[in-house]
Amino acid sequence: MIRHSRPTIRKKDLESALKVMISDNLATGDIIYEFERNFANYFGKSYSAIFVNNGTNALELILRHLNVGEGDEVIMSSFLNASPLQVVKKLNATPVIIDINEDSFQISMDNVIESINNKTKAIIISHMFGNCALIDELTDIKVPVIEDATHSLGGKYRDMPLGSFGDYAYFSLSATRMITSGGAGGVIITKKKGMDSIRDIIHYDKKENFITRYNYQATDLQASIAIEEFKHLDRMVEVRSDIASYYDNAILESKLIKLSQHDSEKPSYYRYVCMISEDATMNIYDIIKMFERHNVEVARPIFKPLHHYLKLPNENFPNTENAYLKSISIPIYPTLQKSEADLICKLIKQIR
């Protein structure tokens, strides 16, 4: 079976983890701080980073730092996994769900700007599938902008790393993301001051005062894997880009349409997502079954739009609905073999 997603684990990753395991320092220590420095420096000398146990908790910590709570609104896309919605609901804030652009599947910035009011406490801009949301359109917005860069580590826009445009950014290092820290992990970055207050609430023990704190710390074992993975990030983006180019040629002979990209973006190619053309005779279910017959796992890009969970009217999200019904995500990752990519291209060309 050619899986839809597959982690990229190297011998060096395992050796690094083993070194930590035999050192007896498995919990939070110097290796975490080394990874945080390396990660922050990737974005620039003025950045600081905090490594936590997963991306969902990274977002929660940012929103708690911004004092988001009951009566506050947080703007986000509907074409998104459920994690940000879970966090906003956990904080008793109100999620404001926005439709996407029909050709890129990124959040509609026009709709974002129209939705801002005096209750808006934060805006989450997700760079979906490693492509770029045009976040610079929010430069003059006075509301904190949080970049969801869980798909886009290694991607760039206007020659700047995705994650460096918002007031805060968070990343996921789960098993099949751009890099992993052993199956789970998350990172927060910012140029703003005040990160010590976030560190304070995750380092929960042995404190003079008592406030509600959260055991969201990552471990040296996770950091040791992340350090090794991070060394190969740029090369992994190149490999993904090469596979994407291969697919680009194949879809020219099919009834698939590539998502639009901005001239100034360099995607991370976390996912390869295509739209089924209007004149195609095959639907999403036909395509998934065709790939399954050849032991290739493809998937819808997201499990379910957020407006479905909230039971909001489908007619308010026409582009999200269309994307949900007519898009497909095809395997793309550094360990994909040439023979596997050849088979996938052959199947792409059969989509009619």
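The following paragraphs examine the structure supplied in this document. (Residues numbered from 1 in each chain as written. Predicted model: local features only at pLDDT ≥ 70, side-chain atom pairs only at ≥ 80, totals over all residues. Heavy atoms only, no water.)

**Considering the pattern of salt bridges**
Operational definition: A pair is scored as a salt bridge if a Lys or Arg side-chain nitrogen falls within 4 Å of a carboxyl oxygen belonging to Asp or Glu. Each residue is assigned to one of three classes by its accessible area relative to the maximum for its type, calculated with a 1.4 Å probe on protein chains only: buried under 20%, partly exposed between the two thresholds, exposed over 50%.
Inspection of every chain in the model, using the stated rule, returns 17 salt bridges. With its nearest N and O atoms 3.1 Å apart, the salt bridge here joins Lys-207 to Asp-200. The exposure class of Lys-207 is partly exposed, given its relative accessible area of 31%. Salt bridges here are not isolated pairs; linked through shared partners, they connect Glu-60, Arg-64 and Lys-90.

**Quick notes on unusual backbone geometry**
Rules: Helix and strand labels come from DSSP, where a helix needs a run of H or I of at least four residues and a strand needs a run of E of at least two; each type is numbered from the N terminus.
One non-glycine residue, Asn-67, lies in positive phi territory at about 60 degrees. Relative to the helices and strands, Asn-67 resides in the loop between helix 3 (55–65) and strand 2 (73–77). A positive phi angle, near 60 degrees, is found at Lys-206, a position not held by glycine. By the element assignment, Lys-206 lies in the loop between helix 6 (195–202) and helix 7 (220–231). Here Lys-206 falls in the exposed class, since its relative accessible area comes to 79%.

**Remarks on the side chain of Gln-106**
Operational definition: For this analysis, residues touch if any pair of their heavy atoms sits within 4.5 Å.
Note that Gln-106 resides in the loop between strand 3 (94–98) and helix 5 (109–115). Taking relative accessible area as the criterion, Gln-106 reaches 3% and is therefore assigned buried. Beyond its immediate stretch of four places on either side in the chain, Gln-106 contacts Ile-100, Asn-101, Ser-126, His-127, Met-128, Asn-131, Cys-132 and Ala-133.

**Topic: the sheet that holds strand 11 (residues 265–266)**
For clarity, the cut-off: If DSSP finds at least two bridges between two strands, the strands pair.
A sheet is described by the order of its strands in space; here three strands give the open sequence 7-6-11, paired in antiparallel fashion. Each having just a single partner strand, strand 7 (160–161) and strand 11 make up the two edges of the open sheet. By the bridge criterion, two bridges tie strand 6 (residues 156–157) to strand 7 in an arrangement that is antiparallel. Within the sheet, the bridge partner assigned to Lys-156 lies in strand 7 and is Pro-161.

Just geometry here; none of it tells us what the structure is for.
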